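# Architecture and fold: a report
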Amino acid sequence: MTSEHIYKFFADYIYKHSGIYYKESDFYRLDSRLNTMMKSLSCATVEDLHKAYTTNVTKDMHSLLINIATNNETYFMRDNKPFLTLVNKVIPEILANNKSLTKLSIWCAGCSTGQEPYSILMSIAHKCTPDVLTKTEITATDISTDALSKAKKATYDGLDVQRGLPAPLLVKYFIKESDEAWRINDTIRSRVTFGEFNLLTDNFPASKYNIIFCRNVLIYQDKDNRKSILEKFYKALVPGGVFFMGSGESVIGLGLDFKQEIIDGTLVYKKPA
Amino acid sequence: MKILIVDDSKAINLMVSDMLHEAGHESLWAENGQKAVDIIAKEKVDLILLDWNMPVMNGPEFLEKVKSENLTSAPIVMMTTENKPDYIMKALEMGASEYIMKPFTSDILINKIDLVLGGF
Ligand SMILES: C[S@@+](CC[C@H](N)C(=O)[O-])C[C@H]1O[C@@H](n2cnc3c(N)ncnc32)[C@H](O)[C@@H]1O
Ligand SMILES: [Mg+2]
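Residues numbered from 1 in each chain as written. Chains lettered and ligands numbered in written order. Predicted model: local features only at pLDDT ≥ 70, side-chain atom pairs only at ≥ 80, totals over all residues. Heavy atoms only, no water.

## Focus on the domain arrangement of chain A
Residue and element names in this part refer to chain A. Per the domain assignment, the segments of chain A are domain 1 (4–69) and domain 2 (81–270). Between domain 1 and domain 2, the C-alpha centre-to-centre distance is 30 Å. Taken together, the two surfaces of domain 1 and domain 2 that pack against each other cover about 820 Å², and 44% of this comes from carbon and sulfur. The tally of links between domain 1 and domain 2 comes to zero salt bridges. Where domain 1 touches domain 2, the interface holds eight residue pairs in polar contact (both at pLDDT 80 or more). Elements that contribute at least two residues to the side of domain 1 that touches domain 2 include exactly helix H1 (4–18) and helix H4 (59–69). Here the residues of the side of domain 1 that touches domain 2 are counted per class, giving four nonpolar, five polar and one charged. (Domains from an automatic or database assignment. Buried area = accessible area lost by both parts, 1.4 Å probe. Salt bridge = Lys/Arg side-chain N within 4 Å of Asp/Glu carboxyl O. Polar contact = N/O pair within 3.5 Å; in protein donor to acceptor, adjacent residues only side chain to side chain. Helix = DSSP H or I, 4+ residues; strand = E, 2+ residues; numbered from the N terminus. Nonpolar A, V, L, I, M, F, W, Y, C, P; charged D, E, K, R; others polar.)

## Concerning the interface of chain A and chain B
Contact residues are listed per partner, giving 24 residues for chain A and 21 residues for chain B. Buried surface at the junction of chain A and chain B, both sides included, amounts to about 1700 Å², of which 67% is carbon and sulfur. On the chain A side of the interface with chain B, the three residues burying the most area are Gln162(A), Ala167(A) and Val171(A), jointly 33% of the side's total. Where chain A meets chain B, there are one salt bridge. Between Arg163(A) and Asp107(B) there is a salt bridge; the shortest N-O distance is 3.1 Å. Our count for the contact surface shared by chain A and chain B stands at seven residue pairs in polar contact (both at pLDDT 80 or more). (Contact = heavy atoms within 4.5 Å.)

## Details of the coordination of the magnesium ion (ligand 2)
Taken together, the protein donors to the magnesium ion (ligand 2) comprise Asp8(B) (OD), Asp51(B) (OD) and Asn53(B) (O), at separations of 2.1 to 2.3 Å. For the magnesium ion (ligand 2), all donor residues lie on one chain, and their spacing in sequence is D-x42-D-x1-N. (Donors = N, O, S within 2.8 Å, 3.2 Å for Na, K, Ca; no water.)

## Some thoughts on the nonpolar core
Tyr118(A), Met122(A), Phe174(A), Ile211(A) and Phe62(B) are the most contacted members of the largest nonpolar core, which has 72 residues in total. If you tally residues by element for this core, the top one is helix H5 (residues 81–97) of chain A, at seven residues. When residues no more than four places from it in sequence are discounted, the contact partners of Met122(A) are Phe76(A), Met77(A), Leu165(A), Leu169(A), Tyr173(A), Phe174(A) and Ile188(A). Judged by nonpolar contacts, the second largest core, of 23 residues, contains Trp107(A), Phe197(A), Ile212(A) and Val251(A). (Core = buried A, V, L, I, M, F, W, Y, C linked by side-chain atoms within 4.5 Å. Buried < 20%, exposed > 50% of the residue type's maximum accessible area, 1.4 Å probe, protein only.)

## Topic: the confidence of the model for chain B
Per-residue confidence for chain B gives a mean pLDDT of 94; residues scoring 70 or more make up 98%. The ipTM value of the predicted complex is 0.88, and its pTM value is 0.93. (pLDDT = per-residue confidence, 0-100.)

## Focus on the sheet that holds strand S3 (residues 47–50) of chain B
All names here are of chain B. Across the sheet, which stays open at both edges, the five strands sit in the order S2-S1-S3-S4-S5 with parallel pairing between neighbours. Of all strands in the sheet, those with a lone pairing partner are strand S2 (26–30) and strand S5 (98–101), marking the two edges. Across the sheet, the axes of successive neighbouring strands diverge by a mean angle of 20 degrees, strand direction being ignored. Sheet topology note: the S3/strand S4 (residues 76–80) ladder contains three bridges and is parallel. Paired with Ile48 across the strands is Ile76, a residue of S4. (Pairing = 2+ DSSP bridges. Axes fitted to C-alpha atoms, helices over the stretch in contact; angles between N-to-C directions.)

So, in structure tokens, the structure goes:
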């Protein structure tokens, strides 16, 4: 039995460093996570693990805890519609309003294992004229170093590549290396740069991105953190920039300057030009 | 929706029809392409799940026949252990709308059906 103060210690640590909020009624969700950490660090008991984290937290121990605290669930073309709206409406409109635009900057924040940025690029490659793909640069970031290293490998197993991904896109944009290894081709891969970025504590760039995706990430944050992160996203967009959230998420009630718009059935948030 | 499973394996039929029923679909079974041709001559189906290797008439032969003779407007989804990109490409060129590699899970099956009915 893990005692309450140990759960609370780890929940507080996770909250402080990532904003991911485990309520008391969710403490049991930490059980299997703490077990995994005990194995990784060869701790016999959860008390030993607690002791290790109260004595000296190395960078690896920190990453281990953050990796384990995050939920990295994702799949290709998640929700489908936003990607259609992106390539059919949002990108054409941005390009039409900025005839001299040479670089289309997209930030995919909370990209997990890479399916989302690769889906954006496959959608562009599949539906837009070729010059749009060569203009596109995606910065894809996450707090989880494990998720990022899988994203960088760009290699997915037979189940991953079927989850959400239409077969025509699979044969067009992946190279099959074995039954359990399909790799995204280099044309797509070369347009994305992955990096570690903590939405809670890192400094956001100002007025940099035409488009930001941050989907199914802020659901783990409490209201105050969600509001302050969204304000920073607003600043990180160029005027006329567009922000995409997950299908069940909204910025309503947070008093933000975003202009809400429904385009082809997808709710997006715009920073006025 | 009414979905026709064309597969020589009874076990696959049972597994897939369970997944479909769970998602609120109806299913029919044909154990090879010829039997499937007979069924679609009599009955309207909304979607066809098609195995590759089968006796009497295999998946590609069925696809070829159905497309050249215009026997159905139902979208056809290949469902097979053949997972070489060339095979997938060939099936799509022959008129299949989607391709599912075995093994797969129920959420993949249902998602692929959704994709065919209104996807990318
Ligand atoms: C459920 S995944 C969503 C992945 C993808 N955006 C999607 O919608 O499919 C949530 C991701 O957010 C990341 N995340 C959680 N808190 C974060 C933070 N404070 N800073 C950066 N990333 C964070 C997690 O590591 C995880 O990979
Ligand atoms: Mg067979």
